[in-house]
Amino acid sequence: MRTSEIRHRWLDFFAKKNHEIVPSSSLVSSDPSILFTIAGMVPFIPYIVGTEKAPYPRAASVQKCIRTNDIENVGRTTRHGTFFQMAGNFSFGDYFKTGAIDLSWELLTTSQEDGGFGFDPERLWFTVWEQDEESYRHVTEVVGLDPQRVVRLPREEIFWDTGQPGPAGPCGEWHYDRGPEYGPDAVTGTVPEWPGDEKGEDRYIEIWNLVFDQYLRGEGKGKDYPLLGELDQKSIDTGLGVERVAYLLQGKQNMYEIDQIFPVIEKAQELSGRAYGGDEEDDVHLRIIGDHVRSALMLVSDGVRPGNEGRGYVLRRLIRRAVRSMRLLGYAQPSMPALLPISKSLMVESYPELEADFPRISEIVYAEEEAFRRTLETGTSIFEQLAGEVKNGGGRVLAGDDAFRLHDTYGFPIDLTMEMAQEVGLQVDADAFRGAMQEQRERARADAAAKKSGHTDTAIYNRLLTERGGEVPFLGYTEDTVATTVESVLVDGKLVTAVEAPAQVEVVLASTPFYAESGGQLADQGRITLTGGGLIEVDDVQKPVRGLIVHRGRLVEGSLAQGASAIATIDGERRGAIARAHTATHMVHESLREELGHSATQAGSENSPGRMRFDFRYGQAVPKSVLEQIEGRVNTLLQDELTVTDQQMSLDEAKSLGAQALFGEKYGEVVRVVSIGGDWSRELCGGTHVSSTGAIGTVQLMGEASIGSGVRRVDALVGLSAYRHQAKEHALVSQLSELLKVGAAEELPERVRVLTQRMKDMEKQLAALRGQQLQAEAGRLVDSTTEVAGIRVLTHDAGEGVAAGDLRTLALDLRSRLGEDSPVTVAVAGHESGRAALVIATNAAARERGLAAGSLLRIAAEAMGGRGGGKPDMAQGGGGEPAQVPAALAAVHAAIEAAQDA
C-alpha cells in the first residue's frame, strides 16, 4: 500500500465517522516557543488545554512534522527521521476512551479490500496505564484482544502532559509484532514482560498512540506531580506514524525503504555507484540522503529559507548533510538537481502544491548546494591538513582556534567539523571554539558600539539623559536652523566645562535640527555657531543611548563652554539630497512589493546624499526586466507629484492601516507614519522626506545582487546624482560608437559581441599553443631528474606566463612519464601577473616513503612567501614573489632529504 494511499484511507475513514477533516498546518509552527510543528496535535493544543473553544466536536488530520533533536542519529538507526507525517484523530468533549479504542481497532484490522489497513489482529499488542481499568477491560472484553498481549505500564512510561499544570492523561498504544526474527518475545511464561527500547523496539513497533486527556495535573517535575481531579471536558488526541505503517504494510525493513523515500536512495546509488545494503557506512549516507532531501523539499515548500539561525540553519544543515553524504559516496558533482525532482514526484500526490511551487523550491535548494560545494571544497582540504598534522603529531584533539578559523574564514560549519573529526578518530576542543566565537561576538558588539558611542562608556550618556529629564527635542522636521543652548561638552569621552579650539568635541544641545543617524538614514552635517565667536563643524550625529542626540565635530574657532548660547544650522543641501534618497527608498520598497509580492520584506537600508541602498528578503535574483519595470514605475510616480505626509498615531492604529515597519527598529506607543500618495505607501519612519515626489527628480537603479542567503540588495542613484550618471553614460556610449565605427548606439552590442568572440578564439589558440609547448618540454624534462635519498626528484621553473592550470597538467604528465617503478616527486613552478604558483605531485611509491604532496607544498610555499594545500598525491599553492621560486624548489629538495633522513 502506497504511503499516499495510507494518508487517503485515514482521511476517508474519519470523514465517514463524522470528523472534520482539517488540512495540515505549516511545518513552521505558530507557537513561537518551538521552531517547527513536531506533532499532529500541535495545531489543536488550544482546544485540548481549553484556551480556545473547539469549532467542531471531533476532527482528523494528517500533519506534516519535523523533528531535528536526533539529527545525528538519522541513517544510523531505523527509527530516526526528520520529516514525517502524523495522522491524528481528535475529540473535544465528544467520544472518549472506548470510542477512540473502537475507531483505532476498526481501521487497523478492517481488510484492505474494505478500506482498512488490514493488519493481522493476532500481531497487535496494546500497552495501557496500569491503573486504567476502563481501557484494559474494553480492549480485553469488548475488542477481544488476548490479555497476554495487553501490557500494563507505570505512569512514568505511558502518561502525557504539557510539562506544566493543566491537562494530563494516560495513553493507550497499539504495537505491531514483526515476529521473533526481530527480537525476543514480550511474554515470559504467563506474565507480560515488555521489552525496553534496546531489546524490543525493532520487533514491537508502536504505530498508534491514543492519548486520553482525562486529569488536571498539579505542580511537579517530570512525571512526579499530583493528579488534582478529572477534567470537566475530556479530550482525545491520537497519533499514527504514517511512515511506520507504510514500511510495515509495504514489507520493508525501515522507513527509509518506503515508496516516498527509497527512489531517492536508488538515484543516489546510480549516481555514486555504491549499492544499498553492501556497506554499513554507505547505507548510513544513503539513508541520510533519502531523508534529508525530502525534508528540505517540504521545509522550503513551507517558506523556510537557508540561513545561519533558527529554522534557516536547520534547513541549511539538512541540505549540507545530504550534499556531503553524496561526496562521501564518491559523487562530487551537483546532486540536488537529480535528487530533488524525484522527491517532489513522490510527494506531490499527497501535497499537490509542490508541483506549482517547485521552480521556487528547486532554485533555493540548488543555490544552497552550489554555495556549500564551494565551501566544502575549501574547508575539506584545510580540515584534512589540520587533522593530518594533529594525527602525525600523536594528538587526538583538533584545536578550537583551528575549528573557529574553518568556521569564520571559510564558512565551514562547526557541526560538520565535529562530524568529520569523529570519522577520523579525533575530537574538537569545543570549549575553545565557543570561547573564540564569544570573543568574536564581543568584538563585533564593541565595533558597533564604537560608531554609536565613540568608544566611550555609555554610562555617561545615560547619566546625561537622566540629568536633563527626558529626550532631546528634534526640531528638524520643520526647522533647518535652531537657537539653542549647549547643555554638555565631552572631550575624549569625558565631561568638561570648557575647551579651546582646535579640539574634537561631542556636544549635547537643549534642542536641535540635526538628524541623528538611524533607520538607515545618514546623519546630518552642518555648523554650531557659539556666542563669543566659537564655531563647531558638525561631522556626525548619533544616539549613543535612546533619546540623547550627540553632535560630534571639530571646534575650529574660539572656545566652547557648557551653558553657552548657540545657533545650530544643518547643511541644507545635504539634508535635501538625503531626504530625496529616503523618499525614493520608500517608493522602491513599495514597487518591489508590487512586482515580487509581500514576501519581499525589508532587511535594511541606507539613505545618503544622492544614493540609496535597499536590502530585502527574496530567494532568487530579480530579473533585469523586473528591475526595469520597478524603475519605470517609480519614475512615473515621480512625475505624478504624489504628496508625502507624516502623522503621529498609536502603534496599533499604524498597524491597522498596514504601515510597514523598518528593519531592526524599536517603536514606542506613539509612532510616526510616512505616507506617499495617500495610501499607496505607508511606513513607520522617523526620517526626513521631501514634501512631494516631484522633488526627487529621477531614480536610476544600478542593479541588484545577493548579500547573503535569501537577502538581496538594490542600489540606486537619486536626483542630481542619477542625472550626472546618465550624462556620463551618454558620453561614454558616444565615445564607444566613434571608436568602434558604428553608426548608431543600437549597433554597439553586436559589435562588442563580435570583438569579444574574436578575443576568446585567440585565447583558445594561445592556450593550445602553451599546451603544445609544455608537452614538448615535458619530454625533455624527464631526463633532468635528480636523486635525493633514493627519491627521483624533478623540479622545474616554467617561467612567466604559465597559469596554475597549465602547471597542474605539466606536473601530472611528468609524474606519469616517470612511472611507478620507483619513488617520484615532481615540483613545477611558474608565475603570471606577478604572482608565483607551485604544484607538487608524488606517486604511490613516494607516498609509501612518507612524502605527501600537501606537506611538501606547505614547506615550499612558506619559502616562497605564499600559501596553499592539497592532498597527498597532488597539491597546489601560490601567491608568493616570482623571485622566490628558486628558493621554493630548493626547499622541496631539502624537505625530501630531511624526511628520508628521519
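Computed from a predicted structure; not experimentally measured.

What counts, and at which threshold
- Residues numbered from 1 in each chain as written.
- Predicted model: local features only at pLDDT ≥ 70, side-chain atom pairs only at ≥ 80, totals over all residues.
- Heavy atoms only, no water.
- Helix = DSSP H or I, 4+ residues; strand = E, 2+ residues; numbered from the N terminus.
- Buried < 20%, exposed > 50% of the residue type's maximum accessible area, 1.4 Å probe, protein only.
- Contact = heavy atoms within 4.5 Å.
- Areas by Shrake-Rupley, 256 points an atom, 1.4 Å probe, with all protein chains shown as cover.
- Pairing = 2+ DSSP bridges.
- Axes fitted to C-alpha atoms, helices over the stretch in contact; angles between N-to-C directions.
- pLDDT = per-residue confidence, 0-100.
- Parallel < 35°, antiparallel > 145°, perpendicular 65-115°, else oblique.
- Nonpolar A, V, L, I, M, F, W, Y, C, P; charged D, E, K, R; others polar.
- Salt bridge = Lys/Arg side-chain N within 4 Å of Asp/Glu carboxyl O.
- Core = buried A, V, L, I, M, F, W, Y, C linked by side-chain atoms within 4.5 Å.
- 1 Å grid on protein atoms, 1.4 Å probe; cavity = no way out; pocket = protein on both sides within 12 Å on 5 of 7 lines; lining within 4 Å.
- Points joined across faces, edges and corners; volume = space filled by probe spheres on them.

Broken down by element type, the chain carries 24 helices and 35 strands. Along the longest, intermediate and shortest principal axes, the C-alpha atoms of the chain span 100 × 85 × 65 Å. Across the 902 residues in the chain, those meeting the buried criterion constitute 50%. Nonlocal contacts in the chain, meaning residues at least 24 apart in sequence, comprise 69% of its contacts between residues at least 6 apart. Counting every atom, the chain has about 41,400 Å² of accessible surface; 48% of that belongs to carbon and sulfur.

With mixed pairing, six strands are arranged side by side in an open sheet as β30-β31-β32-β33-β35-β34. Edge positions in the sheet fall to β30 (786-788) and β34 (867-870), since each of these pairs with one other strand and no more. Each adjacent strand pair in this sheet contributes to an overall mean axis angle of 20°, direction not counted. Note: strand β32 (residues 824-832) against strand β33 (residues 835-842), eight bridges, orientation antiparallel. Within β33, the position partnered with valine 828 by the bridge is valine 839. In the packing of helix α23 (residues 853-864) onto the sheet, contacts are made with β32, β33, β34 and β35 (874-878), and the angle to β33 comes to roughly 155°.

This part is about the confidence of the model for the chain. Per-residue confidence for the chain averages 87 on the pLDDT scale, and 94% of its residues sit at or above 70. Per-residue pLDDT stays below 50 along residues 188-192; that stretch engages in eight contacts with residues further than four places along the chain or on separate chains. Low pLDDT, under 50, characterises residues 196-200; the stretch is placed with four contacts to residues that sit more than four places away or in other chains.

Attention now moves to the packing of helix α8 (residues 280-301) against helix α11 (residues 353-392). The contact between α8 and α11 brings their axes to 9 Å, and the two run at 105°. One finds that α8 runs roughly perpendicular with respect to α11. Contacts between α8 and α11 pair Leu297, Met298, Val300 and Ser301 from the former with Glu353, Leu354, Asp357, Phe358, Arg360, Ile361, Ile364 and Val365 from the latter. Among the residues forming the contact of α8 with α11, the class breakdown is eight nonpolar, one polar and three charged.

Two side chains with opposite charge may pair up if their charged atoms get near one another. Per the counting criterion, the structure on display carries 40 salt bridges. Across the pair glutamate 368 and arginine 316 runs a salt bridge whose closest N-O atoms are separated by 2.8 Å. In this pair, glutamate 368 is assigned in helix α11 and arginine 316 in helix α9 (residues 310-328), connecting sequence segments 52 residues apart. Arginine 316 carries the same exposure label as glutamate 368, and that label is buried. For the salt bridge of arginine 633 with glutamate 594, the shortest nitrogen-to-oxygen distance reads 3.0 Å. Taken together, the residues arginine 633 in helix α17 (residues 624-639) and glutamate 594 in helix α16 (residues 572-596) connect sequence positions 39 residues apart. Exposure remark for glutamate 594: the relative accessible area of 38% places this residue in the partly exposed category.

So, on to the sheet that holds strand β24 (residues 611-617). Judged by pairing direction, the sheet is antiparallel, and its four strands sit side by side in the order β23-β24-β29-β28 without closing on themselves. The open sheet has two edge strands, β23 (601-608) and β28 (699-708), and neither has a second partner. Taken over all neighbouring pairs, the strand axes of this sheet differ in orientation by 20° on average, direction set aside. Relative to strand β29 (residues 711-718), β24 runs antiparallel, the two being bridged by seven bridges. Bridge pairing links methionine 612 to alanine 716 in β29. Contacting β28 and β29, α17 runs over the sheet at an angle of about 140° to β28. Along the sheet, helix α19 (residues 720-739) makes contact with β28 and β29, crossing β29 at roughly 85°.

Moving on, we get to the pairing of strand β2 (residues 58-66). Within a regular strand, the side chains alternate between the two sheet faces. The element β2 is largely enclosed, with a buried count of nine among its nine residues. Alternating positions in β2 separate into two faces, Arg58, Ala60, Val62, Lys64 and Ile66 on one and Ala59, Ser61, Gln63 and Cys65 on the other, with burial throughout. Pairing geometry for strand β1 (residues 20-21) and β2, over two bridges, is parallel. Bridge pairing in β2 links glutamate 20 to alanine 59. Bridge count for β2 against strand β3 (residues 83-92) is nine bridges, and the pairing is antiparallel. Bridge assignment links alanine 60 to a residue of β3, and that residue is asparagine 89.

With 107 residues, the main nonpolar core has Trp10, Phe119, Trp174, Ile207 and Trp208 as its most contacted residues. Counting residues per element, this core draws most heavily on α11, which supplies 12 residues. Counting 34 residues, the second largest nonpolar core, distinct from the first, contains Phe474, Val507, Leu509 and Leu560.

Using the criterion set out here, one finds one cavity of 30 Å³ or more in the structure. Estimated volume of the largest cavity: approximately 60 Å³. Taken together, Tyr313, Arg316, Arg317, Arg320, Arg321, Pro413, Asp415, Leu416 and Glu419 make up the full set of residues lining the largest cavity. Top contributing element to the lining of the largest cavity by residue count: α9, with five residues. Partitioning the lining of the largest cavity into residue classes produces three nonpolar, no polar and six charged.

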